[in-house]
Amino acid sequence: RRLAGLEPAIVAKTAEFDRTAEEYNKVDRKVETLNSVSSGQAYSSKGQRDAALQKDIGNYEKTIEQRQAAGAKAEKELARDRGKAEQGEELVRSLKGGIDSRKGRGQQGARDQQKLETKRLDNQKQMKVFQASQAEILKETEEAERDIHQDQQKLNQGASSKTLRFLSKYVEDNKIAGYYGPLIDIFKCNDVYNTAVEQAAGARLYNAVVEDDAVASVLMDALRKTKMGRMQFLPLRKLRPHVPDFPQDVRDSQPVIACLQYEDRFKPAILEVFGKTFLCATLEIASDVRRSHGLTCVTMDGSKIARKGAMKGGYHDASQSSIRLQKRVTEQTAKLERSTREKAELAKKITACEQTESRLMGELQKLKNEVSGGDQANATDNRQIGSTTDEVEYLKSNMKAKEQYLRKTKEEVGELEHKAATLRDQIAVPFAQVLSSQQEAELAQLTVQLTELNKLRTKQSRAIQDAERDRDIMTTDVQAKQKQLDELQTDLEELQRTAASEPLELEQMRFQTCKEKTQACTENKDKKDKEKSDVKSKKDSADSELKSVRSKLKNQAGSFERARKKLDQLMDKKNRLMTEMDSAQAQLRDLGSLPQAFDKYKDKSQKHLHDELHKVTEKLKGFKDVNKKALDQFNQFTEQREKFRERKEELERGASSIRELIRKLDEKKDDALQTTYRMVAKNFEKVFARIVPGGSGELVMKTADVAREGEEDGASAGPRRNYVGVQVKVRFAAGGEVRVMRALSGGQKSVVALAIIFAIQKCDPAPFYLFDEVDANLDPMYRAAVAAMITAQKTGDSSTEGGVQFITSSFQPELVQAADCHWLTTHSGMSRIVQGSLEDQLDIVRRNQQTAAQGASNLQ
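Residues numbered from 1 in each chain as written. Predicted model: local features only at pLDDT ≥ 70, side-chain atom pairs only at ≥ 80, totals over all residues. Heavy atoms only, no water.

Participant: What am I meant to see in a nonpolar patch on the surface here?
Facilitator: Together, Val616, Leu620, Phe623 and Val626 make up a nonpolar patch on the protein surface, roughly 400 Å² of accessible area in all. Structurally, Val616 can be placed in helix 11 (residues 606-620). (Patch = residues over 30% accessible without salt bridge, like charges linked within 9 Å, V, L, I, M, F, W, Y side chains within 5 Å. Areas by Shrake-Rupley, 256 points an atom, 1.4 Å probe, with all protein chains shown as cover. Salt bridge = Lys/Arg side-chain N within 4 Å of Asp/Glu carboxyl O. Helix = DSSP H or I, 4+ residues; strand = E, 2+ residues; numbered from the N terminus.)

Participant: I would appreciate a short explanation of the layout of surface pockets in the present structure.
Facilitator: It is the rolling of a water-molecule-sized probe over the atoms that shows where space remains empty. Roughly 1600 Å³ of volume is contained in the second largest pocket. The wall of the second largest pocket is formed by 31 residues, among which Met220, Arg224, Met231, Phe233 and Ser657 lie closest to the centre. Broken down by secondary-structure element, the contributors of at least two residues to the lining of the second largest pocket are helix 5 (213-226), strand 4 (233-235) and helix 12 (630-691). Taken together, the residues of the lining of the second largest pocket sort by class into twelve nonpolar, five polar and 14 charged. (1 Å grid on protein atoms, 1.4 Å probe; cavity = no way out; pocket = protein on both sides within 12 Å on 5 of 7 lines; lining within 4 Å. Points joined across faces, edges and corners; volume = space filled by probe spheres on them. Nonpolar A, V, L, I, M, F, W, Y, C, P; charged D, E, K, R; others polar.)

Participant: Please explain the pattern of salt bridges as it appears in this structure.
Facilitator: Close approach of charged atoms allows side chains of opposite charge to pair. Taken as a whole, this structure holds 29 salt bridges when the rule is applied. The partner of Asp582 in a salt bridge is Arg291, with the nearest N and O atoms 3.6 Å apart. Placement of the pair is Asp582 in helix 10 (residues 504-591) and Arg291 in helix 7 (residues 283-293), with a sequence separation of 291 residues. Classification of Arg291 as partly exposed rests on a relative accessible area of 24%. Note that Arg645 and Glu642 form a salt bridge whose closest N and O atoms lie 3.7 Å from each other. Taken as a pair, Arg645 and Glu642 lie in helix 12 at a separation of three residues, close to a single helical turn. Under the relative-accessibility criterion, Arg645 is labelled partly exposed at 40%. We classify Glu642 as partly exposed; its relative accessible area is 32%. (Buried < 20%, exposed > 50% of the residue type's maximum accessible area, 1.4 Å probe, protein only.)

Participant: Explain the sheet that holds strand 7 (residues 277-280) to me, please; I cannot follow it from the model alone.
Facilitator: Each strand in a sheet pairs with its neighbour through backbone hydrogen bonds, running either in the same direction (parallel) or in the opposite one (antiparallel). Spatially, the five strands line up as an open sheet ordered 5-7-8-9-10, and their pairing is mixed. Of all strands in the sheet, those with a lone pairing partner are strand 5 (254-255) and strand 10 (311-312), marking the two edges. Relative to strand 8 (residues 296-299), strand 7 is paired through four bridges, and the arrangement is parallel. Following the sheet pairing, Phe278 is matched in strand 8 by Cys297. Running over the sheet, helix 4 (residues 194-201) touches strand 7, strand 8, strand 9 (304-305) and strand 10 and is turned about 150° from strand 8. (Pairing = 2+ DSSP bridges. Contact = heavy atoms within 4.5 Å. Axes fitted to C-alpha atoms, helices over the stretch in contact; angles between N-to-C directions.)

Participant: Please clarify how helix 15 (residues 780-795) should be interpreted in this entry.
Facilitator: Residue pairs spaced three or four apart in an α-helix point in one direction, given the helix's 3.6 residues per turn. Between the first and last C-alpha of helix 15 there are 23 Å, a value that for 16 residues agrees with the 22 Å anticipated at 1.5 Å per step. Where helix 15 is concerned, the buried positions are Tyr782, Arg783, Ala785, Val786, Ala787, Met789, Ile790, Ala792 and Gln793. In this structure, the buried residues of helix 15 make contact with helix 12, helix 14 (746-763), strand 14 (768-772), strand 15 (805-809) and helix 16 (813-818). (Expected span 1.5 Å × (residues − 1).)

Participant: Please explain the sheet that holds strand 3 (residues 208-210) as it appears in this structure.
Facilitator: Pairing in this open sheet of three strands is mixed, and the strands run 1-3-4 from one edge to the other. In this open sheet, the two edge strands, each paired with only one partner strand, are strand 1 (179-182) and strand 4. For this sheet, the mean angle separating the axes of adjacent strands, direction not counted, is 20°. Of the pairings in the sheet, the one linking strand 3 to strand 4 comprises three bridges and is parallel in character. Across the sheet, the residue bridging to Val209 is Leu234, located in strand 4. This element, helix 5, spans strand 1, strand 3 and strand 4 of the sheet and lies at about 160° to strand 4.

Participant: Explanation requested: empty space enclosed by the protein in the structure shown.
Facilitator: For the structure shown, the criterion picks out one cavity of 30 Å³ or more. Each pocket or cavity is described by its volume, and for the largest cavity that value is around 30 Å³. Lining the largest cavity are Leu283, Ser287, Met311, Lys574, Asn575 and Met578. Of all the secondary-structure elements, those providing two or more residues to the lining of the largest cavity are helix 7 and helix 10. Element by element, the count of residues in the lining of the largest cavity is highest for helix 10, at three residues. For the lining of the largest cavity, the class distribution of residues is three nonpolar, two polar and one charged.

Participant: How should I be thinking about the pairing of strand 7 in this particular structure?
Facilitator: Remark: a regular strand shows side chains that alternate across the two faces of the sheet. On strand 7, burial covers both faces: Thr277 and Leu279 on one face and Phe278 and Cys280 on the other are all buried. Both strand 5 and strand 7 contribute to a ladder of two bridges, which runs antiparallel. Each residue of the ladder has a partner; that of Pro255, found in strand 7, is Phe278. With respect to chirality, the unit in which strand 7 leads through helix 7 into the neighbouring parallel strand 8 is right-handed. (Right-handed = clockwise from strand over helix to strand, strands pointing away.)

Printed below as a string of structure tokens:
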């Protein structure tokens, strides 16, 4: 405001100074005119005076023209600088407008960034909840997998476990329908029956259930090829189990199949395994049922009595029951599947959160890039504003200097014009050499007035200079303060932008998130410490309990051993009595129905009965040569005959399967031999025709039909083809005689042998071939053909045949010239191999031929 008020004061003072100067010039002209009269004594005449004055006026006018030309040039430069300054100020205003616009967009971007950061934090919280749930489910999954693995290890201790695992994977990989898994998987039962059911099924509990024989055949072939073991299959469509009539009046007893729950389609397999087994409450009841009905019986504690009397029993740990373990595996597997599905859903949600996180991060990055781009543009514009402002200030400084120069020039021009006007006034004054008294009084008065005006003008000029100096100082101060203000404004905007991009609410949310994380970690640590303390206390309690149990076990070991010995004695006695009872019952059955006279001995005394028995015994001595064990032997032999008959049928079925397998293998062998023979024969014809131009060759397979061993009816399967050899037939000229191997010369046999080698190489290429002087017995024509064949074979005849490497030793030029690399062998105390050139090799060949020729001439 002071600067704005100072400018009008300077203008007013300048106008006042101009009026004073104008008044001063008027007075000064009068003073100079009067002084010129007094100085007229220097001139002798008016003409002389006027000529001198005209000369001074001309000099003044010439100087005025020069000053005015310089002033006009300065005015043009001042106008140009003023235009540039106005353009610079307009550019600064435009740049500041752009900066303000970008600041508005930056503030909106900061608000949008804050919203996105809030969404991102919410998304991160949601993702952490999902991840925590996933970790919990993963822990449950690991526990379930561990339990399943432990139970499966207990289940898979038999030889069939590896086979069952293979079958499951094979069926799943090959999409085979009709395989239902082991028998243990297709039924359920109450836990109280687990031991009895396991003992009833025995090893057949792990038989594989299939739909029909076709599925069983496919799986058996797979097992046979992979050597993954053997498996007994239960084809549902082929099973025709016979279910006996079970007794209905036995207390606390029932058929084993009544304890099982299963689907109707699996009934044949269930009846096949469990259909002839009866569940009894006690071993005594099981023995009675076995004797009376001939059934296989099993008790609740796992004791088993076979249909023929064999007994099997002992202690069975119910906690290690296979059915119970299988049931637990099934439940854990279902739980694992549910957990897997939940884990997959959580994984999808986490993936969605991650995608949302990526999208939000992308949008945030985009906003940050926009804000950063705006900041960079603002910084660029601010730099341009600074440089433009400096340029404008420089122009203004130049303008001020030029204005001062113009003002000074105008003052000088005014003074010169004043002096010129004064001289013109002097010319207009009549020529005189002495002032009149009136003129002298006027001169004195004007001199006083001129002095006062000069003082006033000096004072006004000094005031104007002081005001301009104050204005310049204030302008410089205002510019410096404006620059500081701009810097402060920039810092303020940066702080506002930072505060907008990282608002307090967002930082508080982040702080709350970190606080929640810290609290969760602390709670988790406390929980783990508590679990650790609980586990330690449980371990200490378990250790003390273990010590107590060990002490009790140690104390009870002796009593248990005594009880076991006593139990063994009782069991031996029981078995002996059971045997005697069975023998007595067998004797009663052998006696048949009691005779009618039996009633008359009821009332006889024991002594009388002994006497009667003695008499009968004496009579029986007459039959001492009769075989008393004939009936038992007959029964035993009949039973053995049935076993042998079943064994024979089984062996016949096995032999039939083996013969069928042999037939299939013979067919596969014949097919393989025929395929290989045809390929080799075809290649032999081509190779021989290439080595022997105009010749031809063929390979003939020689066979003989032989009846198959072990087959009485040969027409059922046909004779077996017996390959006895391969015959070679060649012709070394078109229309020539066909010859076999024994009719060929040594060189021709070498040609045939090489043709066979090349034919086999086309069927089954080897990485390299080693030939040791194979061309020694060949004619030059055949050596050239063999060299050409090796050259063709080493690179491959077609796109399907890869090249091979040939290593040959030769003393003939044909193979030497066809080789790619040459090695020379020297003998001087020891063998050495060095690489040579074609010329070295040919030189050795020529020397060898010369030596051979000299040796032949010496022999002649």
